[in-house]
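A closer look at the structure
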Amino acid sequence: MPSPDLASANIGYHSTCSSRPKPKLTSSMSFRLLATTGIALAIISGSIMLAITLLLRWGPEILIDRELSSSAAHVIKGIRYNVGGLPADVNLDYRLQAAYEALHDDAVYRLLDQDGRVLLASDQATLPLSPDDGKFDPARQRFSVTRTSGVAQVKTQAFTHDGQQFYVQIMRSERMYRIMLDLKGEKVQTITSATALLAMLLFSAVVVAMLHRLLKPLRRAAAAASAIELNNLSTRLSLDGVPCELTPLFEAFNLALERLDQGYRVQRDFLASAAHELKTPLTLIRAQVELDEDLNKHGALLTDLDHMARQVSQLLHLAEASEPQNYTMQELDAAMVASEAAVYLQRLAQSRSVSLTLATLPAVVKADNSALFVLLRNLIENAIHHAPAQSRVDVVVNAGSISVRDHGNGIAPESMPLLFKRFWRGAHRRDIGAGLGLSICEEIARAHGWHLTAANANPGALFVLNMASGGSQRR
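What counts, and at which threshold
- Residues numbered from 1 in each chain as written.
- Predicted model: local features only at pLDDT ≥ 70, side-chain atom pairs only at ≥ 80, totals over all residues.
- Heavy atoms only, no water.
- Helix = DSSP H or I, 4+ residues; strand = E, 2+ residues; numbered from the N terminus.
- Buried < 20%, exposed > 50% of the residue type's maximum accessible area, 1.4 Å probe, protein only.
- Contact = heavy atoms within 4.5 Å.
- Areas by Shrake-Rupley, 256 points an atom, 1.4 Å probe, with all protein chains shown as cover.
- Axes fitted to C-alpha atoms, helices over the stretch in contact; angles between N-to-C directions.
- Left-handed = near helix turned anticlockwise from the far one by under 90°.
- Nonpolar A, V, L, I, M, F, W, Y, C, P; charged D, E, K, R; others polar.
- Phe/Tyr/Trp six-rings, centres within 6.5 Å; stacked < 30°, edge-to-face > 60°.
- Pairing = 2+ DSSP bridges.
- Patch = residues over 30% accessible without salt bridge, like charges linked within 9 Å, V, L, I, M, F, W, Y side chains within 5 Å.
- Salt bridge = Lys/Arg side-chain N within 4 Å of Asp/Glu carboxyl O.
- Lys, Arg positive; Asp, Glu negative; His and termini not counted.
- Charge placed at Lys NZ, Arg CZ, Asp CG, Glu CD.
- Expected span 1.5 Å × (residues − 1).
- pLDDT = per-residue confidence, 0-100.

1. A look at the overall build of the chain
- Secondary structure summary: the chain contains twelve helices and 14 strands in total.
- For the chain, the residues scored as buried account for 36% of the 475 residues in total.
- The long-range share in the chain, meaning contacts at least 24 apart out of those at least 6 apart in sequence, stands at 64%.
- When the accessible surface of the chain is totalled, it reaches about 27600 Å², and 59% of it is carbon and sulfur.

2. Observations regarding the packing of helix H11 (residues 369–386) against helix H12 (residues 437–448)
- Their axes nearest at 9 Å, the elements H11 and H12 cross at an angle of 140°. The two elements H11 and H12 cross, and the hand of that crossing is left-handed. Residue-level inspection shows Ala371, Val374, Leu375, Asn378 and Leu379 of H11 in contact with H12, the latter providing Gly437, Leu438, Ile440, Cys441, Ile444, Ala445 and His448.
- For the contact of H11 with H12, a count of residues per class yields nine nonpolar, three polar and no charged.

3. Section: the packing of aromatic side chains
- All told, the structure shown has five aromatic pairs when counted by the stated rule.
- A centroid spacing of 5.7 Å and a plane angle of 70° characterise the contact between phenylalanine 136 and tyrosine 167, whose relative ring orientation is edge-to-face. With phenylalanine 136 in the loop between strand E4 (118–121) and strand E5 (142–147) and tyrosine 167 in strand E7 (residues 164–173), the pair connects residues that are 31 residues apart, well separated along the chain.
- You can call tyrosine 167 buried: its relative accessible area is 11%.
- The interplanar angle of 25° and the centroid separation of 5.7 Å between the aromatic rings of phenylalanine 159 and phenylalanine 166 together place this pair among those described as stacked. Of the two residues, phenylalanine 159 and phenylalanine 166, both sit in the buried class.

4. With respect to the sheet that holds strand E9 (residues 355–360)
- Read from one edge of the open sheet, five strands run E9-E11-E12-E14-E13, paired in mixed fashion. The outermost strands of the open sheet, each flanked by one partner alone, are E9 and strand E13 (451–456). When strand polarity is set aside, the average angle formed by the axes of neighbouring strands in this sheet is 15°.

5. Structural notes on a positive patch on the surface
- Positive charge collects at one region of the surface, where Arg213, Lys216, Arg219 and Arg220 lie side by side.
- Examining the composition of the positive patch, we find that three residues originate from one element, helix H6 (residues 216–226), more than from any other.
- Looking at the element boundaries, arginine 220 is found in helix H6.

6. Thoughts on H12
- The end-to-end C-alpha separation of H12 is 17 Å, in line with the 16 Å expected for twelve residues at 1.5 Å each.
- For H12, the buried fraction is high: eleven of the twelve residues fall into the buried class.
- Buried residues of H12: Gly437, Leu438, Ser439, Ile440, Cys441, Glu442, Glu443, Ile444, Ala445, Ala447 and His448, and no others.
- Backbone geometry just downstream of H12 places glycine 449 in the positive-phi region, at approximately 80°.

7. Side note on the pattern of salt bridges
- The tally for this structure, following the rule as stated, stands at eleven salt bridges.
- One salt bridge connects arginine 117 with aspartate 113, and the closest N-O pair in it is separated by 3.1 Å.
- Its relative accessible area of 10% is what places aspartate 113 among the buried residues.
- Two residues, arginine 117 and aspartate 115, come together in a salt bridge whose shortest N-O distance is 3.4 Å. Take arginine 117 and aspartate 115: they sit in the same class, and that class is exposed.
- One continuous salt-bridge network, built from bridges that share partners, spans Asp65, Arg142 and Lys155.

8. Remarks on the pairing of strand E11 (residues 392–397)
- Pairing of E9 with E11 involves six bridges; the strand directions are parallel. Looking at E11, one finds that alanine 359 is bridged to valine 396.
- In this structure, E11 lies alongside strand E12 (residues 401–405), joined through four bridges in antiparallel fashion. Each residue of the ladder has a partner; that of valine 395, found in E12, is valine 404.
- A loop of three residues connects E11 with E12, the two strands running antiparallel in sequence.

9. What to know about the sheet that holds E7
- Spatially, E4-E3-E7-E6-E5 is the arrangement adopted by the five strands of the open sheet, whose pairing is antiparallel. The sheet is open, and its two borders are formed by E4 and E5, each paired with just one other strand. Between one strand axis and the next, the sheet turns by 25° as a mean value, whatever way the strands run.
- The pairing of strand E6 (residues 150–161) with E7 spans ten bridges and is classified as antiparallel. When the sheet's bridge partners are listed, glutamine 153 is paired in E7 with arginine 172.
- Strands in contact with helix H4 (residues 94–102) are strand E3 (107–113) and E7; relative to E3, the strand with the most contacts, it is inclined by about 95°.

10. Some details on the pairing of E7
- Along E7, eight of the ten residues are buried, which leaves the element largely enclosed by surrounding structure.
- Inspection of the sheet shows E3 paired to E7 by seven bridges, in the antiparallel sense. Bridge pairing in E7 links aspartate 113 to phenylalanine 166.
- The turn joining E6 and E7, which pair antiparallel and follow one another in sequence, is formed by two residues; a positive phi near 50° is taken by aspartate 162.

11. Observations concerning a nonpolar patch on the surface
- A cluster of nonpolar residues, Leu202, Val206, Met210 and Leu214, forms a patch on the protein surface that exposes about 370 Å² of accessible area.
- Note on placement: leucine 214 falls in helix H5 (residues 174–214).
- Classification of leucine 214 as partly exposed rests on a relative accessible area of 47%.

12. Describing the environment of leucine 257
- Turning to its location among the elements, leucine 257 is positioned in helix H7 (residues 247–291).
- By relative accessible area, which is 7% here, leucine 257 ends up buried.

13. With respect to the confidence of the model for the chain
- Mean pLDDT over the chain stands at 76; residues scoring 70 or higher make up 70%.
- Across residues 1–23, where pLDDT falls below 50, the model places 14 contacts with residues more than four positions away in sequence or in other chains.
- Note on residues 471–475: pLDDT under 50 across the span, and 19 contacts to partners over four residues away in sequence or across chains.

Next up, the structure:
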């Protein structure tokens, strides 16, 4: 048989979930993706910077050879030939020309014929550049020479013009290369560092923005899932914009909700059916007992039948309050409904020597009339049963709330968490109820989007129905 204590189970479930520790930042998927991406980007940027540093440190020969070859190409391109096909002049870029004219010890070019005789030289020399032995060897394309400025690097490159073989020799001093390489290295390192930092920041911003956009459906689904309650299981998580990798998880969650909704609906249907089936036999039994001529000997039996009938009636009310389709929402004055409930319970109050006071202001709300009547009737009846003789029960209706207060002993601290638990009865309960009245009140309040609270008023207990949110949660 399904457990009737659905509300307490639901409350226990939420309290268990709320007591769970909050997940650490390192367990966040966004944090992990961002951290992994940042580490990968840092490794790539560091690798690039390391490669450039190693190139500047261990590859100067490559850079020097490329610079010598480039200078030789510029010189060959700028040669002007005479009518005999021999180099007569060199037309260079003004910066190169100024360097050759001003830096004779650091930058030199010489043009040689196929026999090694100097035809043109930027330093007006008459001998070719050669190692210390002074011999020109066209096969030796790279070598070093000693100058007054120190060691210099020389490259010899052959070229032809009109079928004649010529050679160009380019010399650069090592001190000049050190200056050039230091300046270029520092510039390259600065540019590389700035570019890597800017790329990392830009990439991180893009990753954060993309993660925020990609995880938006998850946040929306989490918000929808957190709003699902036991009485609102018809809600399903939307699959719009959900990544295909997470679609099976969402579908499985929706299927679980569907099965839970069906099971809960079967339980509510069983509760309503059982209440309906028990109501008629109890009525017939009571009628048969009352037809007995000796009615006095059946007093205890009639009391038990009244108790059972009240339990069945409350079970039926609970089943009806749990069904969204049973509510018909309309604009009504809560003050009028409270007045009807007070009039209905006036006889009970008189029988217990309790005065019932009512103070109302117009309070127009959107609610189901009969459900609001049942809620207020249960609250006022509960207050009457807990009010001492010769005391009073105060019912106050304002624009946004309804309060019901007795002047009894109040609510024991250990009983406060159990007030709205189904079938729970206080130790000093004087009525024959089944312990479902306050559960029905809470169910109706939740269906309307209201909030029902209980507190001690010193003296007595105070129940407040906050209707400020208005409207219905379930349509």
